[in-house]
Amino acid sequence: MSWGTELWDQFDNLEKHTQWGIDVLEKYIKFVKERTEIEISYAKQLRNLSKKYQPKKNSKEEEEYKYTSCKAFLATLNEMNDYAGQHEVISENMTSQITAELARFVQELKQERKSHFHDGRKAQQHIETFWKQLEASKRRFERDCKEADRAQQYFEKMDADINVTKADVEKARQQAQIRHQMAEDSKAEYSSILQKFNHDQHEHYHTHIPNIFQKIQEMEERRIVRIGECMKTYAEVDRQVIPIIGKCLDGITKAAESIDQKNDSLLVIEAFKSGFEPPGDIDFEDFTQPMKRTVSESSLSNSRWDGKSEPKPGSKSKGKLWPFIKKNKLSLKLITLNTQVWNLIEGGGPEDFSNLPPEQRRKKLQQKVDELNKEIQKEMDQRDALTKMKDVYIKNPQMGDAASVDHKLAELGQNMEKLRLEAQKFEGWLAEVEGRLPVRTEQSRRQSGMYDTQNTSGVNNCAQDRESSPDGSYTEEPSQESEMKVPVTEFDDEFDDEEPLPTIGTCKALYTFEGQNEGTISVMEGEMLYVIEEDKGDGWTRIRRNEDEEGYVPTSYVEVYLDKNAKGAMTYI
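Residues numbered from 1 in each chain as written. Predicted model: local features only at pLDDT ≥ 70, side-chain atom pairs only at ≥ 80, totals over all residues. Heavy atoms only, no water.

Draft legend 1. Representation of the overall build of the protein chain. From N to C terminus, the protein chain includes 12 helices and seven strands. Across the protein chain, the fraction of contacts at a sequence separation of at least 24, relative to all contacts at a separation of at least 6, is 74%. Looking at the protein chain as shown, the accessible area adds up to about 35,200 Å², and 53% of this sits on carbon and sulfur atoms. (Helix = DSSP H or I, 4+ residues; strand = E, 2+ residues; numbered from the N terminus. Contact = heavy atoms within 4.5 Å. Areas by Shrake-Rupley, 256 points an atom, 1.4 Å probe, with all protein chains shown as cover.)

Draft legend 2. Inspection of the pairing of strand β6 (residues 550–554) at higher detail. The buried fraction of β6 is high, at four of five residues. Two elements, strand β5 (residues 540–544) and β6, share five bridges in a ladder whose sense is antiparallel. Bridge pairing in β6 links T541 to V553. In this antiparallel pair of consecutive strands, β5 and β6, the connection spans five residues. (Buried < 20%, exposed > 50% of the residue type's maximum accessible area, 1.4 Å probe, protein only. Pairing = 2+ DSSP bridges.)

Draft legend 3. Here's a closer look at the pattern of salt bridges. Throughout the structure, instances matching the rule amount to 22 salt bridges. Where R35 meets D238, a salt bridge forms, and the shortest distance between an N and an O atom there is 3.1 Å. Residue R35 is located in helix α2 (residues 11–52), and its partner D238 is located in helix α5 (residues 166–257); the two are separated by 203 residues in the primary sequence. Residue classification places D238 among the partly exposed positions, given a relative accessible area of 22%. (Salt bridge = Lys/Arg side-chain N within 4 Å of Asp/Glu carboxyl O.)

Draft legend 4. View of the sheet that holds strand β4 (residues 528–533). With respect to topology, five strands assemble into an open sheet ordered β6-β5-β4-β3-β7, the strand pairing being antiparallel. At either margin of the open sheet sits one strand with a lone partner, and together these are β6 and β7 (558–562). Going from strand to strand, the sheet's axes swing by 40 degrees on average, the running direction of each strand aside. (Axes fitted to C-alpha atoms, helices over the stretch in contact; angles between N-to-C directions.)

Draft legend 5. The arrangement of the confidence of the model for the protein chain in detail. Confidence in the prediction for the protein chain averages 77 pLDDT; 76% of positions are at 70 or higher. Here strand β1 (residues 466–468) stands out as the least confident element of the protein chain, with mean pLDDT 36; α2 is the most confident, with 94. Confidence drops under pLDDT 50 across residues 566–573; counting only partners more than four residues distant or on other chains, this segment forms 12 contacts. (pLDDT = per-residue confidence, 0-100.)

Draft legend 6. Just the packing of α2 against α5, in detail. Interhelical geometry of α2 versus α5 gives an angle of 15 degrees and a closest axis separation of 11 Å. Comparing the axis directions of α2 and α5 gives the class roughly parallel. As for the relative orientation of α2 and α5, their crossing is left-handed in sense. Here the contact of α2 with α5 is built from residues that sort into 16 nonpolar, three polar and four charged. (Parallel < 35°, antiparallel > 145°, perpendicular 65-115°, else oblique. Left-handed = near helix turned anticlockwise from the far one by under 90°. Nonpolar A, V, L, I, M, F, W, Y, C, P; charged D, E, K, R; others polar.)

Draft legend 7. Quick look at the nonpolar core. Of all hydrophobic cores here, the largest spans 31 residues; its most connected members are L25, Y28, M94, I98, L102, F213 and I216. Elements supplying a minimum of two residues to this core: α2, α4 (68–160) and α5. For this core, the element with the highest residue contribution is α5, accounting for 11 residues. Not counting residues up to four positions away in its chain, the partners in contact with L25 are L102, F105, V106, L109, R223 and I227. Core analysis: the next-biggest nonpolar cluster, separate from the first, contains 16 residues, A431, V553, V558 and V560 among them. (Core = buried A, V, L, I, M, F, W, Y, C linked by side-chain atoms within 4.5 Å.)

Draft legend 8. Summary view of the packing of aromatic side chains. Scanning all chains against the criterion turns up 13 aromatic pairs. With centroids separated by 5.2 Å and ring planes inclined at 90 degrees, the aromatic side chains of F426 and W429 adopt a geometry described as edge-to-face. With F426 and W429 both in helix α10 (residues 406–434) and three residues apart, the pair spans about one turn of that helix. The exposure classification of F426 matches that of W429, with both residues buried. (Phe/Tyr/Trp six-rings, centres within 6.5 Å; stacked < 30°, edge-to-face > 60°.)

Draft legend 9. Expanded view of the pairing of strand β3 (residues 505–509). Where burial is concerned, the two faces of β3 differ: the one with G505, C507 and A509 is buried and the one with T506 and K508 is not. With four bridges connecting them, β3 and β4 associate as antiparallel partners. Bridge assignment links K508 to a residue of β4, and that residue is M528. Bridge count between β3 and β7: five bridges; the pairing is antiparallel. Bridge pairing in β7 links K508 to E559.

Draft legend 10. Region of the structure containing α4. Compared with an ideal rise of 1.5 Å per residue, which puts 93 residues at 138 Å, α4 spans 134 Å between its outermost C-alpha atoms and is within 8% of the ideal. Helix geometry: α4 is bent most strongly at T95, by close to 35 degrees. (Expected span 1.5 Å × (residues − 1). Bend = angle between axes of the 7 residues up to and from the residue.)

Draft legend 11. Expanded view of the environment of T165. Within the secondary structure, T165 is located in the loop between α4 and α5. Within the structure, the side chain of T165 is placed 3.1 Å from the side chain of D168, a separation counted as a polar contact. (Polar contact = N/O pair within 3.5 Å; in protein donor to acceptor, adjacent residues only side chain to side chain.)

Here you go:
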């Protein structure tokens, strides 16, 4: 079916229809453009949502993301960020593949349509002009015929009248002949114009107009095909990102499946474990028998460090020398207050973290040591790089002045020395804490005095009754408010009757240790001593210098060599 043959007389309607088709294209372009704006806005909102719930750096919230549930949520936020990126891709592809292309196509379509209808109007005007010429020729022929008839009738009338002269008759006859000739000329002209008009009209309706309308039809069909292709592209753009969106959703699912409630429970233990021992049983005190009672060694204030009560006077404890028998007067209420203070502290407190319970303090000190070691390594890398640069300058003076690097190297050396001293200080505190962490054995009693002092000092801002020596041990000043002497009993004298423990190996002091607490022994760096009792897991090793001098030193301060009867040589560092 051709518009040229079927719609030869619908020029105006075709003009309206093709304009409507272009309007449809522009409407579709506007629709796609608004869709791209929605996609961009949606992607932006998703990104803002993801950013809003991202943990802030160096904040307490960031520490919460060590739990698997929080890690899964963080992974979900990251996947949502990627998900938003796919909506941006949809917007970009629709803009480039549909909106921009259709806008160019519409401009071309408008120009082509304008050209076709211009040709159609031109042909229409041509045939209309010819029609007017034909009508004018026809009217002239009709007028001349009528004039010729009137002239013939006038001649016949003059010829029949006997009163008219012969001259008048002849004049009337000549006038009639002239009119007849004019009618014949008008007839010939009219006939010629009519034939030419019929030819042009045939060409107009069977050749020119069909060709123009056929071009308009092809233009319209191309418009229809193009809008269909754009609709397919519209769907394809969405379909292309579906696999990636699916991967984002799979990532969210995988993150959800990675949540481990047991692991989170262990992390809670690790985060809040104080390292204290639960209180032991309270001894029965018989008031019916008059006796001089000593301070209960199994009170709640002391039993927080032991799972058992202290041995009663007169009990036997072979091979054990209690290094710390000083007891604080702090009650359970004060210890509870200390724990509450620790829970309320957020980033503040003493430099050695003595305000924290043992386990938490150890973690903080270890973290600080690791940070300092990283800083030292960073400074060392910079020093190595500058050293290489200096060597290059020395070998090739034209590349730079080697002396210009010396100031920076000296500065780096000073920084490294400061960091090393700082690291040694924290390592000393860490060694002390690792030697004082409680265990569920009788060995835990060795540290009870130190734990009491530590917590008492934590409540009293940590600096009033104790100071840290360079080797990491504590020096405690006697205070009537923080400690009390235990009356001498048979328990204190029973060690005098014990036989000395056999030697199980030797050890070398790696650092100087000032044993200022009861039960400890001072050693000098490089000194060789005898080992009489291994570390039982509490961080202390029992050594002997001679028959009269023996005591405990931190295991991390000595290098132990067991004899052949032991389970192989062991080194504690």
